Amino acid sequence: MKEGLPPGQVWARNWVIYAALGIPRIDPETWRLKVSGLVEKPAEYTYYQLEDMATVRYVRHFHCVTKWSIKDVEWTGVPLKDLISNSLVKDEARWVMFHCADGYTAPIPLEDAIHPDAILALKIGGEPLKAEQGFPARPFIPHLYGWKSAKWVTEIELLPTYVDGYWEMYGYHERGEVWGEERFKGMVGKHSRRTSYGILPKV
Ligand SMILES: Nc1nc2c(c(=O)[nH]1)N[C@H]1C(S)=C(S)[C@@H](COP(=O)(O)O)O[C@H]1N2
Ligand SMILES: [Mo]
């Protein structure tokens, strides 16, 4: 795990709440999280099932691509790898698309989604996410920029190829890795190593 402040970032005291498409109010009784697309066993989870699966509790920084970072955030959540592997991923799957209740979408490579630190976050600072923080759940991948942490998520879709999400349509990077400063498409930051999406570990 890399520590400290990634290149080009500054520590900020407070979160900036972003809700490009508004803040949906979600009823945890009726909300479901789907795992869909290139899987043998599509699944649906209730909020309460996910609470029971939330075995990860760790402290990690949060980095927005607009250059503010929040230090030492305490996260609680479900390993994304558990949710994905429970559904038996088909061989052709390479990308994961997050779909949200507000219409927001964000893609990440499958490789990053099954990283041991990648979670479906249910809590920040030991408390359930607030409505504006994405209640009931948002993915969090510590080494990817914050726009990939799609709030009010409702569906995790496995895809064979890359597809733009909300910010990627405006030129933001396919992957968004913070240490390589993958901010915009076509940008190979001075710290960047070439990433390969070809060879994948079996889930
Ligand atoms: N549904 C949704 N998720 C979203 C966004 C958004 O506008 N809508 N903004 C993203 C961006 S750019 C960042 S930096 C983080 C910010 O998280 P915060 O609003 O909890 O501070 O949410 C991400 N997830
Ligand atoms: Mo952001």
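In this section: the pairing of strand β7 (residues 105–109). If a strand is regular, its side chains alternate between the two faces of the sheet. In terms of burial, β7 is largely enclosed, as five of its five residues are buried. Neither face of β7 is exposed, since Thr105, Pro107 and Pro109 on one face and Ala106 and Ile108 on the opposite face are all buried. When strand β6 (residues 95–100) meets β7, the two strands line up antiparallel, connected through five bridges. Across the sheet, residue His99 finds its bridge partner in β7, namely Thr105.

Below, the discussion takes up the state of the cysteines. Taken as a whole and judged by the stated rule, the model has zero disulfides. With no disulfide of its own, Cys100 has Cys64 as its nearest cysteine by sulfur position, at a separation of 16 Å. Overall, the relative accessible area of 8% leaves Cys100 in the buried class.

Within the secondary structure, Arg183 sits in the segment after β11 (153–159). A distance of 2.9 Å separates the side chain of Arg183 from the side chain of Glu181, its partner in a polar contact. Ignoring sequence-local partners within four residues, the contact set of Arg183 consists of Pro7, Gly8, Gln9, Val65, Lys67, Tyr145, Trp147, Tyr172 and His173.

Let us look at empty space enclosed by the protein. Counted under the stated rule, the structure contains one cavity of 30 Å³ or more. Around the largest cavity, the lining residues are His61, Phe62, His63, Phe140, Ile141, Leu144, Tyr145, Gly146, Lys148 and Ser149. Considering each element in turn, the lining of the largest cavity owes the most residues, three residues, to strand β4 (residues 56–63). Among the residues forming the lining of the largest cavity, the class breakdown is five nonpolar, four polar and one charged.

Before going further, it helps to spend a moment on the nonpolar core. Most often, soluble globular proteins have nonpolar side chains that are buried together. Residues Leu120 and Leu158 are the most contacted members of the largest nonpolar core, which totals 56 residues. Excluding its chain neighbours within four sequence positions, the residues that come into contact with Leu120 are Leu33, Leu50, Thr76, Gly77, Val78, Leu80, Leu83, Ala137, Arg138, Pro139 and Val153.

All right, on to the pattern of salt bridges then. This model, assessed by the stated rule, comprises six salt bridges. Between Asp117 and Arg60 there is a salt bridge, with its nearest N and O atoms 3.2 Å apart. On the criterion of sequence distance, the pair formed by Asp117 in the loop between α3 (110–113) and β8 (119–124) and Arg60 in strand β4 is long-range, its members being 57 residues apart. Exposure class is identical for Asp117 and Arg60. Each is buried. A salt bridge links Lys185 to Asp164, with the shortest nitrogen-to-oxygen separation between them at 2.7 Å.

Calculation criteria
- Residues numbered from 1 in each chain as written.
- Chains lettered and ligands numbered in written order.
- Predicted model: local features only at pLDDT ≥ 70, side-chain atom pairs only at ≥ 80, totals over all residues.
- Heavy atoms only, no water.
- Buried < 20%, exposed > 50% of the residue type's maximum accessible area, 1.4 Å probe, protein only.
- Helix = DSSP H or I, 4+ residues; strand = E, 2+ residues; numbered from the N terminus.
- Pairing = 2+ DSSP bridges.
- Disulfide = S-S within 2.5 Å.
- Polar contact = N/O pair within 3.5 Å; in protein donor to acceptor, adjacent residues only side chain to side chain.
- Contact = heavy atoms within 4.5 Å.
- 1 Å grid on protein atoms, 1.4 Å probe; cavity = no way out; pocket = protein on both sides within 12 Å on 5 of 7 lines; lining within 4 Å.
- Points joined across faces, edges and corners; volume = space filled by probe spheres on them.
- Nonpolar A, V, L, I, M, F, W, Y, C, P; charged D, E, K, R; others polar.
- Core = buried A, V, L, I, M, F, W, Y, C linked by side-chain atoms within 4.5 Å.
- Salt bridge = Lys/Arg side-chain N within 4 Å of Asp/Glu carboxyl O.

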